[in-house]
Structures are given as C-alpha cells and as structure tokens.
Amino acid sequence: MDSQERSLRQEIIKVCRKLESQGLIAASDGNVSCRTGGDCMLITPSGVSKGDLEPEEIAKTSMQGNLLEGPMRPSNEIRMHVHVYRMRPDVSAVVHAHPPVATAFTLAGFPFNSKALPEVWFMLGKVPVAPYATPSTDEVPQSIEPYVMDSRAILLKRHGALTFGGSLVEACMRMEKLEHCAKVLFYASMLEEGKVPVPLTDKEIAKLGSSD
Ligand SMILES: [Zn+2]
C-alpha cells in the first residue's frame with residue numbers, strides 16, 4: 001500500500017466519523033468512496049458502523065466494483081458509486097448518507113429549494129430528487145442517471161442523499177451543507193410570516209422586577 005492510498009483511507013475514516021457525529025448516518029448507514037491511483041477505488045464495507053471503521057477494513061475494488069483487497073464485502077450500494085465515476089471522470093469522491101431532515105423532505109414531498117439561500121445555491125446548485133428505487137439494487141443507479149451529469153447533490157426519495165466532488169472533503173462538505181439547508185428551510189416553513197411569539201405585557205414584565 002503506498003502513502004497516497006494510506007492517506008486516502010485515513011480521509012475516508014475522517015469523513016465517516018464526521019457523518020456519524022453530525023447525525024447524517026445511524027447504525028450501519030451510509031457509504032463513502034474515492035478514486036485511487038491505478039484505476040481502483042476505495043469504498044467502505046457493507047453492514048458495519050461507519051463511525052467505528054478501521055482503515056484496513058476499507059475495501060479496494062476495481063472501477064467496475066470487483067473486490068481486489070479487503071476483509072469485508074464492499075458496500076451494497078457500490079453500483080451507485082460505480083455509476084457516478086463512470087459518468088463523471090471529474091469526480092474523485094462519492095458520499096451517500098441518510099440525512100434526516102433532507103430525507104424527510106422527500107417523504108413529505110416538500111420542495112428542497114437551494115435557491116432560497118445564496119451560499120447553498122453557490123455550493124450545491126439545483127438539487128434534484130431521484131425517484132424511489134429499491135436500495136442495493138440496479139434500480140438505484142438507474143434512478144440517479146438523469147441527474148448525475150448536472151448535479152453535485154441528489155436527494156434519493158425515501159432513502160437519503162448522494163453528494164460527490166473533486167475530493168472527499170468536498171463531497172462531505174456538500175452533504176453537510178445539504179442537511180444544514182434542509183434544516184433552515186424546515187425552520188422557515190414553521191415560522192409563518194407575520195406570526196411572531198406574543199411577549200409578556202409590560203405589567204407582567206414589571207412584576208418580574210429587574211432582569212439582572
Ligand atoms: Zn442508503
């Protein structure tokens with residue numbers, strides 16, 4: 001294993017811990033991959049808690065998804081990663097997570113409008129919702145296909161989200177931003193315009209005495 005691969009494995013571990021600590025994945029959810037030299041990729045294994053992953057447990061596969069090295073089976077969603085890399089030679093890393101608020105948008109049919117916040121539009125552009133597809137099947141890559149060329153982030157109906165980019169850090173930041181934006185949109189939807197909490201009256205405040 002060369003030093004580049006060793007540091008990519010460490011970066012994947014960092015991303016997995018971040019996803020878990022921010023509540024973007026739970027239990028054995030999610031999968032993270034990146035290209036490595038020599039027409040190969042590194043991808044998290046199936047069925048384990050990604051927050052507890054060790055670097056040597058990460059699978060090394062061909063760009064077609066065939067296992068080359070690793071003690072465990074690569075992620076069940078590897079087809080989705082293979083598909084993104086096949087369609088987008090400019091993409092070096094792919095992150096799939098189950099961000100709760102953004103995923104709830106897809107269940108409720110609530111629009112994710114990335115144009116509502118300038119920095120989100122700048123970072124993510126338009127965020128499409130791919131139709132429901134049975135997880136871990138060929139339906140998943142088929143469902144994202146129409147959106148991969150023109151997106152950096154895709155919501156997966158009833159399932160989660162997919163982000164990708166030129167590096168692991170970039171793909172992870174896009175996932176974080178996606179969920180953060182979903183939270184802001186959600187809070188804004190609860191705060192109806194013109195409806196603000198009614199404060200105590202001056203008399204009631206006076207009865208409380210000094211606020212010091
Ligand atoms: Zn998933």
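Coordinates for the structure precede this section.
Residues numbered from 1 in each chain as written. Predicted model: local features only at pLDDT ≥ 70, side-chain atom pairs only at ≥ 80, totals over all residues. Heavy atoms only, no water.

(A) Molecular detail of the nonpolar core. Within the largest apolar cluster, 35 residues are counted, with the highest numbers of intra-cluster contacts made by Ile 12, Leu 19, Val 32, Phe 112, Leu 168, Met 175 and Leu 178. Those elements that provide at least two residues to this core are α1 (3-21), β1 (31-36), β5 (93-97), α3 (100-108), α4 (118-124), β7 (153-156) and α6 (168-190). Those residues in contact with Ile 12, other than ones at most four positions away along the chain, are Val 32, Cys 34, Leu 42, Thr 44, Ile 58 and Leu 168. Among the nonpolar cores identified, the runner-up in size contains 20 residues, and Met 80, Val 84, Val 140 and Phe 164 belong to it. (Core = buried A, V, L, I, M, F, W, Y, C linked by side-chain atoms within 4.5 Å. Buried < 20%, exposed > 50% of the residue type's maximum accessible area, 1.4 Å probe, protein only. Helix = DSSP H or I, 4+ residues; strand = E, 2+ residues; numbered from the N terminus. Contact = heavy atoms within 4.5 Å.)

(B) Region of interest: the state of the cysteines. Within the structure shown, the criterion is met by 0 disulfides. In this structure Cys 40 is a free cysteine whose sulfur lies 11 Å from that of Cys 34, the closest cysteine sulfur available. Taking relative accessible area as the criterion, Cys 40 reaches 10% and is therefore assigned buried. Of the cysteine sulfurs around Cys 172, a residue in no disulfide, the closest is that of Cys 16, at 8.9 Å. (Disulfide = S-S within 2.5 Å.)

(C) Inspection of empty space enclosed by the protein at higher detail. In this structure the tally under the stated criterion is 1 cavity of 30 Å³ or more. In this structure, the largest cavity encloses a volume near 40 Å³. Along the walls of the largest cavity sit Pro 131, Tyr 132, Ala 133, Val 140, Ser 143, Leu 156, Lys 157 and His 159, which together make up its complete lining. Class assignment for the residues of the lining of the largest cavity results in 5 nonpolar, 2 polar and 1 charged. (1 Å grid on protein atoms, 1.4 Å probe; cavity = no way out; pocket = protein on both sides within 12 Å on 5 of 7 lines; lining within 4 Å. Points joined across faces, edges and corners; volume = space filled by probe spheres on them. Nonpolar A, V, L, I, M, F, W, Y, C, P; charged D, E, K, R; others polar.)

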